[in-house]
Amino acid sequence: LFWTDPPRVPAIVITAGFDPLVDEGDAYAGALQAAGVRVIHRRYPSLVHGFLSLSGGVTAGRAAIDAMCRDIVAELGHDDKVGHSKVGDTIVSK
């Protein structure tokens, strides 16, 4: 949020609703988008900080990792058709 020259590459930001850093993550995604950076922001409102590391036991964590992998593949291929997960909200800016 304090850069003098915004990043020039697309960003994938993942936030969880029950994370003490959720507001900062949401603000970061918004600031990147406002700076003209392509942003995929997936927000999982019912999950906690660190939920991705719980993917072995939390179905939503596994689904989030799958969605993140699809996002990375789409960005590497410059594909504008980013997949959507059944959990979490997705905001894609172009």
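Up top is the structure.
Heads up: these notes are all about the structure in this document.

### Quick word on the pairing of strand S2 (residues 39–48)
Phase 1 of the analysis: Pairing of strand S1 (residues 11–18) with S2 involves seven bridges; the strand directions are parallel. Paired with Thr15 across the strands is Arg43, a residue of S2.
Phase 2 of the analysis: Chirality of the crossover, the property in question, places the unit of S1, helix H1 (residues 22–34) and S2 among those that are right-handed.

### Section: the pattern of salt bridges
Phase 1 of the analysis: The final tally for this structure, using the stated rule, is four salt bridges.
Phase 2 of the analysis: Of the charged contacts in the structure, one is a salt bridge between Asp26 and Arg43, with a shortest N-O distance of 2.8 Å. Here the residue Asp26 occupies a position in helix H1, and Arg43 occupies one in strand S2, the gap between them amounting to 17 residues.
Phase 3 of the analysis: Residue Arg38 is joined to Glu75 by a salt bridge in which the shortest nitrogen-to-oxygen separation is 2.7 Å. Placement of Arg38 in the loop between H1 and S2 and of Glu75 in helix H2 (residues 59–76) is noted, with a sequence separation of 37 residues between them. There is no split in this pair, since Arg38 and Glu75 are both buried.

Cut-offs applied
Residues numbered from 1 in each chain as written. Predicted model: local features only at pLDDT ≥ 70, side-chain atom pairs only at ≥ 80, totals over all residues. Heavy atoms only, no water. Pairing = 2+ DSSP bridges. Helix = DSSP H or I, 4+ residues; strand = E, 2+ residues; numbered from the N terminus. Right-handed = clockwise from strand over helix to strand, strands pointing away. Salt bridge = Lys/Arg side-chain N within 4 Å of Asp/Glu carboxyl O. Buried < 20%, exposed > 50% of the residue type's maximum accessible area, 1.4 Å probe, protein only.

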